[in-house]
Amino acid sequence: MEVGQLQRSFLEYIAALFREGFLDGQFSQLQLLQDESNPDFVVEVVSLFFEDSERLLNDLTKALDQQNVDFIKIDAHVHQLKGSSSSIGAQRVKNACITFRNCCDERNIEACLRCLQEVKQEYLLAKTKLEALFRLEQQIVAAGGAIPILDEFS
Amino acid sequence: MGMAAAASESRFHVLAVDDSLIDRKLIERLLKTSSYQVTTVDSGCKALEFLGWSEEERSNPTETSVSPNIHQELGVNLVITDYCMPGMTGYDLLKKMKQSSYLRNIPVVIMSSEHVPSRINRCLEEGAEEFFLKPVRLSDVNKLKPHLMRTKFKNIMGNQEREESKEEETGIRTQKQQNVGLNKSNAMRKSSDHEGLSLDGLRQKYSGFTVITLLLSLVFSLCFLIFG
């Protein structure tokens with residue numbers, strides 16, 4: 001595929017991610033911080049997010065599996081996950097975390113378990129889509145092109 | 001970290017404190033993009049350690065040809081800290097800095113992912129310059145410059161001219177108090193009227209003459225707030 005086509009596919013794909021609420025303006029802010037001196041900034045930060053999230057989701061699964069559920073600890077984990085998803089612009093993950101925190105406040109285990117499932121689902125979706133986006137970027141760069149910026153959402 | 005020449009624009013050094021690795025990476029990038037020198041730490045305790053170390057360097061200069069700019073670089077010009085951290089919160093860190101005669105003049109900015117007005121007010125009353133809601137953006141980082149410039153100006157004036165610089169600061173604060181009326185819906189702006197009305201803010205820093213000047217400014221500001 002030639003560069004122009006790849007770039008168009010990329011723009012369409014990322015526009016859809018914004019439209020469908022997977023990403024918000026914060027992701028654009030990350031892109032603005034990437035330049036020649038830090039060409040991999042977005043990938044690096046998002047990779048940290050993947051590692052961090054997987055650890056937190058594991059911790060949450062274990063915490064909800066306990067005899068005596070520690071809602072304070074669970075809330076702290078969800079707070080962290082909400083923070084990091086907000087920092088990279090993963091809007092749907094962030095919103096799922098907000099709902100989760102409300103369930104923690106109510107100390108409702110069943111609701112929390114459902115919320116955890118929801119967060120996991122949103123996280124997996126976000127991960128899949130971001131990885132696809134980065135692959136498109138790599139293809140553009142390999143074909144000698146520059147990654148276009150969609151700046152209407154910043 | 002070059003031996004910056006005697007250029008008046010030697011780089012400001014910002015200490016960023018956040019327990020989240022992602023947020024540390026983000027704030028570091030934001031600050032470096034704005035040409036600040038950045039140190040990041042993951043806790044309030046480590047921040048105090050770092051500040052203690054750098055203040056010691058500032059007050060115990062080695063001999064030979066050490067230019068003032070070196071100390072500018074080793075010293076911290078602003079601290080930006082997350083509010084919610086395990087152990088020492090950003091608020092605790094702010095309090096400790098304001099209690100220290102060495103550290104109280106370093107401007108502190110608090111960041112938080114949660115918009116809690118009482119939290120914001122508490123931090124501003126304790127002396128934080130700004131309160132940023134996360135995620136922090138470049139437009140927020142642009143707001144740091146005036147606070148850094150004000151501190152730099154005070155440092156340049158030095159001890160002999162300390163009286164004049166305090167009156168200058170009063171003038172700036174009075175101006176800010178006037179601006180509060182125009183800007184009252186902005187939850188992020190430092191609550192200058194709180195600061196202006198708080199006698200704690202005066203503390204032991206000022207001479208008798210400057211205290212009178214400050215009190216007169218307070219009276220003026222009160223009149224403005226009531227009638228303005």
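The structure this text deals with has already been given above.
Quick caveat: nothing in here was measured; it's all calculated off a predicted structure. (Residues numbered from 1 in each chain as written. Chains lettered and ligands numbered in written order. Predicted model: local features only at pLDDT ≥ 70, side-chain atom pairs only at ≥ 80, totals over all residues. Heavy atoms only, no water.)

> Outline the pairing of strand β2 (residues 37-41) of chain B, supporting the account with residue identities and numerical values.
All names here are of chain B. With four of its five residues buried, β2 lies for the most part within the structure. Bridge count for strand β1 (residues 13-17) against β2 is five bridges, and the pairing is parallel. Opposite His 13, over in β2, you have Gln 37 as the bridge partner. The parallel pair β1 and β2, bridged by helix α1 (residues 21-33), forms a crossover whose chirality is right-handed. (Buried < 20%, exposed > 50% of the residue type's maximum accessible area, 1.4 Å probe, protein only. Helix = DSSP H or I, 4+ residues; strand = E, 2+ residues; numbered from the N terminus. Pairing = 2+ DSSP bridges. Right-handed = clockwise from strand over helix to strand, strands pointing away.)

> Outline the interface of chain A and chain B, listing residues and values.
Listed by partner, the interface residues are 22 residues for chain A and 15 residues for chain B. Where chain A abuts chain B, roughly 1,600 Å² becomes buried across the two surfaces, and 62% of that area is made up of carbon and sulfur atoms. At the surface where chain A touches chain B, the tally comes to three salt bridges. Between Glu 44 of chain A and Lys 25 of chain B there is a salt bridge whose closest N-O contact spans 3.1 Å. Counting every contact that joins chain A to chain B gives five residue pairs in polar contact (both at pLDDT 80 or more). (Contact = heavy atoms within 4.5 Å. Buried area = accessible area lost by both parts, 1.4 Å probe. Salt bridge = Lys/Arg side-chain N within 4 Å of Asp/Glu carboxyl O. Polar contact = N/O pair within 3.5 Å; in protein donor to acceptor, adjacent residues only side chain to side chain.)

> An account of the nonpolar core is requested, with residue identities and associated values reported.
Phe 27 and Phe 100 of chain A together with Leu 31 and Ile 80 of chain B are the most contacted members of the largest nonpolar core, which has 68 residues in total. Tyr 83, Met 85, Ala 128 and Phe 131 of chain B belong to the second-largest nonpolar core, a separate cluster that totals 24 residues. (Core = buried A, V, L, I, M, F, W, Y, C linked by side-chain atoms within 4.5 Å.)

> Break down the sheet that holds β2 of chain B for me, with residues and values.
All names here are of chain B. The parallel open sheet is built from five strands, whose spatial order is β2-β1-β3-β4-β5. On the outer flanks of this sheet lie β2 and β5 (130-133), each paired with one strand and no other. Sheet twist, expressed as the average angle between the axes of neighbouring strands with direction ignored, equals 20 degrees. When strand β4 (residues 108-112) meets β5, the two strands line up parallel, connected through four bridges. In the sheet register, Ile 110 faces β5, and the bridge partner there is Phe 131. Relative to the sheet, α1 contacts β1, β2, β3 (78-82) and β4, its axis offset from that of β2 by approximately 170 degrees. Of the strands in this sheet, β4 and β5 are in contact with helix α5 (residues 117-126), which crosses β5 at around 150 degrees. (Axes fitted to C-alpha atoms, helices over the stretch in contact; angles between N-to-C directions.)

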